[in-house]
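An overview of the molecular structure
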Amino acid sequence: MRRFSAILGVALMVAVSCTQAPTGTIPSGSSAASAAEQPQPGGRLVLSATGDPKTMQPVISTDTQSSAIWQWFYLGLTRANSKTGQTEGNLAEKIELSKDGLTLTYTLRDNLVWSDGSPFTGDDYKYTAEAVMRSKKTTRQSTFANVVGAQDYKEGKADEIKGIQVSNGGKTITIQFTKVFCPATAAMGGAGAGGILPSKFFKPKWDNKSTDATKNIDDVDLNMNPPVSMGPFVFKEFKPGVQVTMTKNDKYFRGAPLIDELVVKVYADATAVKNALVTGEVTYAGVEAKDYDEVSKVDALKGYRYKSSSYNYIGWNAKAAKAPWLANKDVRQALWYGINVDAIMKKIVFGLGTQVYAHNPPVSWAYDPTGLTQYTYDVAKAKSLLEKAGAKMGPDGIYRWTDGQPMKMRIETNQGNNARETILQFAQDQYKQIGIQIDPLLESFNALLDRTDPGTDFEGFILGWSLGADPDPFSIWHSSQQGKGQFNNVGYVNPAVDKALEDNRNGPDCSQDARKKANHTVDLALNQDAPYTFLYSQDTLAFASKQLQNFDPNTYSTIWNAEKWWLKK
Amino acid sequence: MGRFVARRLVQAIPTFFGVLVLTFLLSRLSPSDPVQLMLAGNTEVTSEDREGLRRALGLDQPLPVQFFVWVWQLAHLDFGQSIYYHRPALQLILERIPNSLQISLAALVVTVAVGVPLGVVAALRRGRAEDHFIRVFSVAGHAIPQFWLGLIFVLTLAVQLRWFPIGSMNAVGVDCGLCWDRFVHLLGPVLVISIAGIANLPRILRTEVLEVISQDYVRTARSKGLGEPMVVAVHVLRNALIPVVTSFGTILLVFFSGSLIIERVFNWPGLGRLTFEAAVSKDYPVVQASVVISSVLLILSYLLRDIAYAWVDPRIKVR
């Protein structure tokens with residue numbers, strides 16, 4: 001550990017003193033001094049991507065390489081606060097949800113214009129929502145499941161979504177729901193797609209005012225050639241396999257950016273990105289924990305570290321035929337006590353993370369640590385829990401389950417993921433010490449997803465979740481979500497959790513307090529039932545050129561203040 | 001000659017059909033489907049929305065149906081739409097081919113320009129230091145995997161010493177095809193790919209030159225009083241090159257498969273990198289189109305090789 005630079009030293013100290021650090025960024029050096037300097041406009045910023053954007057149109061976008069591009073020009077009415085993840089106004093200035101939770105009203109900011117000077121109105125919003133409902137390639141239609149008239153529009157029974165009305169000269173957007181859906185304010189802000197399209201340009205390509213449900217926006221040429229921007233930068237050029245070039249949007253509503261040109265360069269993989277960062281080709285990039293040491297030695301770079309809304313876990317299939325003991329809560333708790341998460345974290349992320357004890361990550365506003373059992377590594381306790389559950393020690397040091405069979409089971413994970421492979425090694429060694437034999441299996445990511453689909457017979461697996469800003473764990477923990485391709489693959493059933501998950505979605509009280517309480521109920525139950533051995537949430541590590549000023553990346557957004565960035569010469 | 005070409009083309013049809021079937025089956029052998037990969041772990045996407053996407057992409061159809069749809073499209077020169085890019089697969093590939101050709105052609109030129117003289121020198125100076133040196137180089141060049149050489153090149157000469165760019169076709173902000181910047185960016189990948197060819201060529205050529213040099217007509221040429229350079233260039237080399245031309249097909253193959261990895265290492269936006277990424281993400285139409293087009297090019301290059309073979313050696317009658 002001594003090899004690490006001062007950046008890491010500072011970072012570690014802060015992590016120890018306040019594990020729930022609301023300010024995730026740990027800048028090294030003198031960022032306070034530079035803030036006082038006069039910003040110098042101009043220059044080019046180079047970012048990295050590990051693949052081409054597949055599309056630059058949010059309705060059909062399904063991957064992060066695409067959203068990493070269109071996020072610069074298509075915005076939502078709302079956005080997640082970069083630090084807390086709470087929904088805040090973006091293009092909308094005011095967001096109101098009626099008392100009964102059935103009417104959502106957005107009021108736009110004054111004088112919003114696209115980069116060509118034409119006004120941004122509620123019609124752009126409605127157009128995008130309708131594009132989602134008619135698209136065949138979108139995966140966002142469920143956002144509108146409770147919006148009045150959305151289904152009729154999809155099927156071509158109406159030429160508009162009745163439940164979305166634009167009034168007040170395009171400044172007010174009112175959305176009617178058939179039933180309460182609390183995550184709606186977050187999801188609706190982007191019209192389902194995430195970013196709102198310029199209807200003036202797209203309408204001649206696909207007309208939304210139509211009952212012809214066979215026509216859609218999926219293959220429109222503007223999808224690869226965004227005509228205008230609402231964001232800080234305007235699309236200029238895409239060279240496949242090479243880069244996307246953007247120029248600053250002087251009409252950006254938060255103010256024209258100081259940087260002139262933004263280039264997102266495409267690299268083959270994370271190693272190439274790291275090389276580009278080290279040689280100064282790229283202005284900033286995220287860095288894997290294993291490369292932290294090497295990159296932090298580069299003088300021209302400054303390190304950033306912030307909490308992530310993701311975590312790694314070992315999932316235990318309660319329905320495993322070959323490991324019936326996984327249905328027993330005491331056994332699952334024993335498996336939690338029996339693994340040294342602290343040691344794993346030290347080994348894999350050099351301590352740059354937070355141990356987690358339930359589903360909602362510590363950075364989320366819905367997280368409440370009260371009453372959560374902190375499982376600390378304890379071999380004796382693990383063994384006593386196994387014995388309490390009815391297991392008897394065999395002559396070979398392996399426990400026998402109540403039916404007499406030795407407690408042997410498989411844990412699988414995907415090959416090529418260093419962190420997960422290391423967790424698997426730890427699990428194999430440490431579970432042996434509590435008398436459980438692990439049969440490790442490394443396979444392709446494809447095969448892993450396939451083999452751990454609900455209804456497939458498997459025992460343990462190591463995976464991670466990367467969660468959105470709105471706390472809605474319904475699809476992972478609700479007992480109804482155990483069909484093929486769904487996410488409750490560990491067979492978790494708890495009526496109290498089901499109820500809390502429904503409350504969290506369907507209110508009727510959608511207030512933050514109510515939802516935080518519902519989420520806490522879920523977290524407390526998961527903490528006790530231990531359907532997963534929750535491991536840790538790794539911090540995000542990023543490096544940027546020391547020239548880059550005002551850069552302030554956080555958990556929920558890296559680019560939230562991009563218009564203020566500038567390059568010191 | 002015309003009949004020969006026609007017959008070779010007809011012979012290529014079963015090969016081509018075999019390529020179609022194999023490409024289709026191999027790309028679908030491993031379990032899960034592209035939609036699952038695309039949306040892995042995205043909990044906001046419901047299973048209904050996933051099914052919808054699968055339907056829109058035609059992935060809900062049984063495999064034989066998918067196969068015949070594909071062949072039917074191919075017959076109409078339609079390579080289908082990329083699953084990820086929402087664009088025609090052919091368009092994606094055509095964008096990349098010129099980039100790949102730059103590396104392949106440059107590597108071919110370097111291989112011949114360096115490999116042929118080395119082979120001749122090795123033969124003429126056989127048993128001496130030059131010959132031994134070239135032999136050691138050959139063995140080493142063969143034994144070192146290209147990707148390793150590429151990685152070492154990038155790590156030492158580019159990242160550590162900064163003598164070369166770390167990859168790509170141009171520096172950021174530069175956009176030119178025929179210029180110094182492109183030349184500098186080409187050096188790395190071309191050198192690495194050429195080394196395999198350069199290792200191969202002198203070995204074949206050395207054996208051939210040694211055989212030809214003891215032929216009667218070479219002795220005749222010498223006794224006529226021709227100068228040694230003339231003898232080597234006209235009488236020896238022209239005959240010794242025949243098997244080299246034969247091996248050209250193999251060399252082309254090396255360039256094709258080599259560029260798949262080298263393009264990744266050097267971040268070159270070519271067909272190899274596109275195909276690799278498509279294979280990993282299960283973008284069937286792109287993988288299929290790329291393999292089919294590469295196969296056609298390869299079959300054509302073999303044909304060209306045979307024609308060239310007949311041309312350099314009139315003794316061989318094309319049967």
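With that settled, the discussion passes to the sheet that holds strand 9 (residues 243-248) of chain A. Sheet strands pair by backbone hydrogen bonding; their relative direction is either parallel or antiparallel. Residue and element names in this part refer to chain A. Taken in spatial order, the 4 strands make up an open sheet running 1-10-9-8, and their pairing is mixed. The open sheet has two free edges, formed respectively by strand 1 (44-49) and strand 8 (233-239), since each of these has just one partner strand. This sheet shows a mean twist of 20° between the axes of neighbouring strands, independent of strand direction. With 5 bridges connecting them, strand 9 and strand 10 (residues 261-266) associate as antiparallel partners. Looking at the pairing, Met246 lines up with Leu262 of strand 10.

What follows deals with the interface of chain A and chain B. Taken together, the contact between chain A and chain B spans 43 residues of the former and 40 residues of the latter. Sorting the residues of the side of chain A that touches chain B by element identifies strand 1, strand 10, helix 8 (270-278), helix 14 (445-451), strand 19 (460-466) and helix 15 (474-477) of chain A as the ones contributing at least two each. For the side of chain A that touches chain B, the residue count by class is 15 nonpolar, 18 polar and 10 charged.

On to the environment of Val295(A), then. All names here are of chain A. In this fold, Val295 is placed in helix 9 (residues 292-296). When the 19 C-beta atoms within 10 Å are taken as the criterion, Val295 is described as partly exposed. In sequence terms Val295 and Leu277 are 18 residues apart; their C-alpha atoms lie 8.1 Å from each other. In this structure, Val295 is in contact with Lys274, Leu277, Val278, Val287, Leu301 and Phe543, ignoring residues within four places of it in sequence.

Residues and elements named next belong to chain A. The buried fraction of strand 12 (residues 301-306) is high, at 6 of 6 residues. Burial along strand 12 is two-sided: the residues Leu301, Gly303 and Arg305 and Lys302, Tyr304 and Tyr306 are all buried. Two strands pair when backbone bridges link them, and strand 12 and strand 21 (residues 540-545) are joined in this way by 6 bridges, in the antiparallel orientation. Within strand 21, the residue paired with Leu301 across the bridge is Ser545.

Okay, the environment of Leu151(B) next. All names here are of chain B. Secondary-structure assignment places Leu151 in helix 7 (residues 146-160). Here Leu151 falls in the partly exposed class, since 16 other C-beta atoms lie within 10 Å of it. For the pair Leu151 and Gly197, spaced 46 residues apart in sequence, the C-alpha separation works out to 18 Å.

Moving on: the confidence of the model for chain B. Residues and elements named next belong to chain B. On average, residues of chain B carry a pLDDT of 83, and 91% of them reach 70 or more. At the low end of the mean pLDDT range in chain B sits helix 11 (residues 242-265), at 72; at the high end sits helix 7, at 91. Across the interfaces of the predicted complex, the ipTM metric reaches 0.81, alongside a pTM of 0.84.

Let's shift gears to helix 12 (residues 271-280) of chain B. Each α-helix turn comprises 3.6 residues. Residues three or four places apart therefore point the same way. All names here are of chain B. By the criterion of burial, helix 12 is predominantly enclosed, with 7 of the 10 residues buried. Listing the buried residues of helix 12 in full gives Leu271, Gly272, Arg273, Leu274, Thr275, Glu277 and Ala278. Immediately beyond the C-terminal end of helix 12, within one or two residues, lies Lys282, with a positive phi of roughly 60°.

Analysis parameters
Residues numbered from 1 in each chain as written. Chains lettered and ligands numbered in written order. Predicted model: local features only at pLDDT ≥ 70, side-chain atom pairs only at ≥ 80, totals over all residues. Pairing = 2+ DSSP bridges. Helix = DSSP H or I, 4+ residues; strand = E, 2+ residues; numbered from the N terminus. Axes fitted to C-alpha atoms, helices over the stretch in contact; angles between N-to-C directions. Contact = placed C-beta atoms within 7 Å. Nonpolar A, V, L, I, M, F, W, Y, C, P; charged D, E, K, R; others polar. Buried ≥ 20, exposed ≤ 12 C-beta atoms within 10 Å, placed from the backbone. pLDDT = per-residue confidence, 0-100.

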